Amino acid sequence: MSIAHSMRSAAREMFLHALSEASIEKAFDLQVHYQRGVLRVCDDLYDLKSFSRVISIAFGKAAHRMAEILARQTGTGIEGIIVDPNLHAYQLPGYRYFAGGHPQPNEESVRGAEAILKSLNTLNEHSLAIFLVSGGGSAAVEKPADSEISLPDLIATYKTLVNSGAPIAQINAVRKHLSAVKGGRMAQAARGARQVSILVSDVPENALDSLSSGPTMPDSSTVDDCYRIAHEHNMLADFPASVRELFERRALEETPKLDDAAFVRSRWWKVLSNQTAEKAAEAAAAKQGFAVEVDHSCDDWDYARAADYLLDRVRTLRKKKAGRACIVSGGEVTVKVPAHSGVGGRNQHFALYCARKLAGENIVVLSAGTENRRAFHD
């Protein structure tokens, strides 16, 4: 076996191990438990019998899976709504399903958001809302805060944001202030009820309110941030007229902050994140005899800058350790897509750039998303 083939196999094994350890089922087994009517979520206990109504709202690319694992523990007594862009062979009893879009919202995204808001508005202080939140929820569940913004305008706005090259936290800051559900507004709809959010995160550890654009959490971004972001990334010219007009009039409405009454009885628990996969990959690399370091300081960097930095880091580590070296880096790079053109994605862009930079060297780069399980197991 050639050195290059051996290293590719090693990289693949490390990634597959990280995927297996970063599973939702394992995360729930460790941190979510139900016994004798009491649901434990990390350090919190919820006696489900003490509530007149318990509702579960699941949204994002792992919505069905999270609700399925919860139902496996609690039985079929909990009803709710699932908005998931992925198709599933069966549906859980007691749940209404909506096939929200990703990476762009669709009609089901809007219908799902409207159904969620309607259900949450019926809750009171004797109710419990369980939110199951995962990545991809920003597009899967969406309703414009301004009725003048049509679905085509919303889709055009999302495309402008995603193609702008802005970091995900900045993209989500703008999304929040245009939305009737994001940036804590879903929690506002359930004001008065007890609320707990179970989070499967694909965002940086210090920016959990960016996960699915933070619909159940206080928003740390402001309208002034949005105006600055749009200006810095030259977004206004590409926004549809209905959205551009809100920015030009500085008419965005502020999102709820930590002191809002909606969050008095709210809790948020991260049960799975990028950090889980990083630690698993680190352990797998060390087991294979690599000198390994974890470095995610380039999260949200431009892809080329991040690639140059990480390639330099692995070369330096290899010289320092005089042997096999491995750098594990989690997070997302940014790619600015030229207007009206461009295909592929961040991982592909990053990997192709690296391929040109490391030609002739015994270095292997694996760039992948932890949600891409099927591609690696087929």
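Since this is a predicted model, take the numbers as computed values, not measurements. (Residues numbered from 1 in each chain as written. Predicted model: local features only at pLDDT ≥ 70, side-chain atom pairs only at ≥ 80, totals over all residues. Heavy atoms only, no water.)

This paragraph deals with the packing of helix α1 (residues 3-21) against helix α11 (residues 274-287). Interhelical geometry of α1 versus α11 gives an angle of 140 degrees and a closest axis separation of 8 Å. Here α1 lies oblique to α11, going by the angle between them. The two elements α1 and α11 cross, and the hand of that crossing is right-handed. Along its contact with α1, which presents Met14, His17, Ala18 and Glu21, the element α11 presents Thr276, Ala277, Ala280, Ala281, Ala284 and Ala285. In the contact of α1 with α11, the residues fall into seven nonpolar, two polar and one charged. (Axes fitted to C-alpha atoms, helices over the stretch in contact; angles between N-to-C directions. Helix = DSSP H or I, 4+ residues; strand = E, 2+ residues; numbered from the N terminus. Parallel < 35°, antiparallel > 145°, perpendicular 65-115°, else oblique. Left-handed = near helix turned anticlockwise from the far one by under 90°. Contact = heavy atoms within 4.5 Å. Nonpolar A, V, L, I, M, F, W, Y, C, P; charged D, E, K, R; others polar.)

Moving on to the packing of helix α12 (residues 303-321) against helix α13 (residues 346-357). It is the contact of α12 with α13, at a shortest axis distance of 10 Å, that shows an interaxial angle of 50 degrees. Classified by the interaxial angle, the pair formed by α12 and α13 is oblique. Of the two elements, α12 crosses α13, and the hand of that crossing is right-handed. Contact residues: α12 offers Tyr303, Ala304, Ala306, Ala307, Asp308, Leu310, Leu311 and Arg315, while α13 offers His349, Phe350, Tyr353, Cys354 and Lys357. Within the contact of α12 with α13, the residues separate by chemical class into nine nonpolar, one polar and three charged.

The complete set of buried residues in helix α10 (residues 241-248) reads Ser242, Val243, Leu246 and Phe247. One face of α10 carries all of its buried residues, which in axial projection span an arc of 140 degrees. Those residues of α10 that are exposed and aimed more than 90 degrees away from the buried face are Ala241 and Glu248. Where α10 is buried, its residues meet α6 (151-162), α7 (168-178) and α9 (223-232). Just beyond α10, the residue with positive phi is Arg250, at close to 50 degrees. (Buried < 20%, exposed > 50% of the residue type's maximum accessible area, 1.4 Å probe, protein only. Arc of directions from axis to C-beta.)

Okay, the packing of aromatic side chains next. All chains considered together, the criterion is met by five aromatic pairs. Ring centres 6.1 Å apart and planes at 55 degrees place the aromatic pair Phe263 and Trp268 in the tilted group. Between the aromatic rings of Tyr303 and Tyr353, the centroid separation amounts to 5.6 Å while the plane-to-plane angle is 90 degrees, which identifies the pairing as edge-to-face. Here Tyr303, found in helix α12, pairs with Tyr353, found in helix α13; they are 50 residues apart in sequence, far enough to count as distant. For Tyr303, a relative accessible area of 18% gives the class buried. Members of the aromatic cluster, each reached through a chain of ring pairs, are Tyr227, Phe239 and Phe247. (Phe/Tyr/Trp six-rings, centres within 6.5 Å; stacked < 30°, edge-to-face > 60°.)

Glancing now at the sheet that holds strand β9 (residues 266-272). An order of β6-β5-β4-β7-β8-β9 is seen for the six strands of this open sheet, with the pairing classed as parallel. This sheet does not close on itself; its edge strands, each paired only once, are β6 (95-98) and β9. Mean inter-strand twist for the sheet, computed between neighbouring axes without regard to direction, equals 15 degrees. Here strand β5 (residues 79-83) pairs with β6 via four bridges, running parallel. The partner of Ile82 across the bridge, within β6, is Tyr97. The strands that helix α4 (residues 107-120) touches are β4 (53-59), β5, β6 and β7 (127-134); relative to β6, the one it contacts most, it runs at about 150 degrees. (Pairing = 2+ DSSP bridges.)

By themselves, these observations are geometric and do not establish any function.
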